Amino acid sequence: MANKEDINPNTLPKHIAVIMDGNGRWAKMQGKLRTFGHESGVKAVRETVEASAELGISYLTMYAFSTENWNRPKYEINALMTLLVSTISKETKTLMDNNIRLESIGDTDALPSKCRRELEEAKQKTAGNTRMTLVLALSYSARWEITQAMKQLAHQVKQGTIQPEAIDEKTIANHLTTAGMPDPELLIRTSGEHRISNFLLWQISYAELYFTDKLWPDFRKEDLYDAIVSFQNRERRFGKTSEQLKSQS
Ligand code: IPE
Ligand code: IPE
Ligand code: MG
């Protein structure tokens, strides 16, 4: 397991994205309800946020609820929404104390009104914080996001405020819910599943992917350090050759 000291502070990823997976299996293994796994996952969220802020990561995006998760049993959705409201309201003080700004991506209009209000309040309260931005992906999916971006652009073309020829990669990025944020450089998924599950498809084009078998409620600071050390040991070539990179440095 890596220590904090194993990390090179000069080559940190600016943005880390996390697919927090495995809460249900973690609970089942102990003969408990899946919802107990979600509750136990909050500690892992706290550890990851704290460790990221201490290291100096600028953006941390956490996948908390996907568009597809609306298809889960109603009792589980309700438990997750209740947990969301209570966690956000409890943790706002910690975010303030640690100078962390809260943001969200996703179709938040789909959330229950209590959730939406709590989220908006926490976002407003923390809006001036500058140490790190914590982005919660809620009712999020990449295909939903790309679809709404395409709709907005189609409207603008129809109104004549943008010419089709003027649309480039920047225009598209600016219409995604992550507009203004750097792309994640490191994507972590827990629970041993090797898939993306509709998360940030556009933004992770060149992210380094890191998979661990740890189930989300067991994820601790050292697990984040392991992921970052792995990231720092990789050669990011962006289409070039290894020789080209070496001659540049
Ligand atoms: C991740 O854990 C949390 C959410 C998707 C909300 P899961 O609930 O997916 O847990 P597993 O994957 O079934 O173990
Ligand atoms: C992905 O986990 C979504 C979140 C972590 C919020 P899932 O557990 O929903 O993913 P799949 O369905 O197994 O791919
Ligand atoms: Mg899962």
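One can find the structure itself at the top, above this paragraph.
Remember, predicted model here, so these are calculated numbers, not experimental data. (Residues numbered from 1 in each chain as written. Chains lettered and ligands numbered in written order. Predicted model: local features only at pLDDT ≥ 70, side-chain atom pairs only at ≥ 80, totals over all residues. Heavy atoms only, no water.)

Visitor: Which parts of the structure should I look at to understand the layout of surface pockets?
Guide: Leftover empty space is mapped by rolling, across the atoms, a probe with the size of a water molecule. What the largest pocket holds in volume is close to 1,000 Å³. At the level of elements, α1 (23-28), α2 (34-55), β2 (59-66), α3 (74-97), β3 (100-105) and β4 (132-140) are the ones that each hand at least two residues to the lining of the largest pocket. For the lining of the largest pocket, the residue count by class is 21 nonpolar, 13 polar and 13 charged. Estimated volume of the second largest pocket: approximately 180 Å³. Among the residues making up the lining of the second largest pocket, the classes are represented as 5 nonpolar, 2 polar and 4 charged. (1 Å grid on protein atoms, 1.4 Å probe; cavity = no way out; pocket = protein on both sides within 12 Å on 5 of 7 lines; lining within 4 Å. Points joined across faces, edges and corners; volume = space filled by probe spheres on them. Helix = DSSP H or I, 4+ residues; strand = E, 2+ residues; numbered from the N terminus. Nonpolar A, V, L, I, M, F, W, Y, C, P; charged D, E, K, R; others polar.)

Visitor: Could you clarify how one ought to interpret the packing of α2 against helix α7 (residues 221-232) in this entry?
Guide: Running from amino to carboxyl end, α2 crosses α7 at an angle of 55°, the nearest separation of the two axes being 8 Å. When the axis of α2 is compared with that of α7, the two are oblique. Crossing geometry of α2 relative to α7 is assigned as right-handed. Across the interface between the two elements, Glu 47, Thr 48, Glu 50, Ala 51, Ser 52, Glu 54 and Leu 55 of α2 pack against Lys 221, Leu 224, Tyr 225 and Ile 228 of α7. Of the residues contributing to the contact of α2 with α7, the split by class is 5 nonpolar, 2 polar and 4 charged. (Axes fitted to C-alpha atoms, helices over the stretch in contact; angles between N-to-C directions. Parallel < 35°, antiparallel > 145°, perpendicular 65-115°, else oblique. Left-handed = near helix turned anticlockwise from the far one by under 90°. Contact = heavy atoms within 4.5 Å.)

Visitor: What is the right way to look at the nonpolar core in this model?
Guide: Soluble globular proteins tend to bury their nonpolar side chains together. Judged by nonpolar contacts, the single largest core of 43 residues is most densely connected at Ile 16, Ile 188 and Ile 228. No other element matches α3, which puts 7 residues into this core. Contacts of Ile 16, omitting those with residues within four sequence positions, involve Ile 57, Tyr 59, Leu 60, Thr 61, Leu 186, Ile 188, Leu 224 and Ile 228. Formed by 16 residues, the second largest nonpolar core is a distinct cluster that contains Ala 137, Ala 142, Met 181 and Ile 196. (Core = buried A, V, L, I, M, F, W, Y, C linked by side-chain atoms within 4.5 Å. Buried < 20%, exposed > 50% of the residue type's maximum accessible area, 1.4 Å probe, protein only.)

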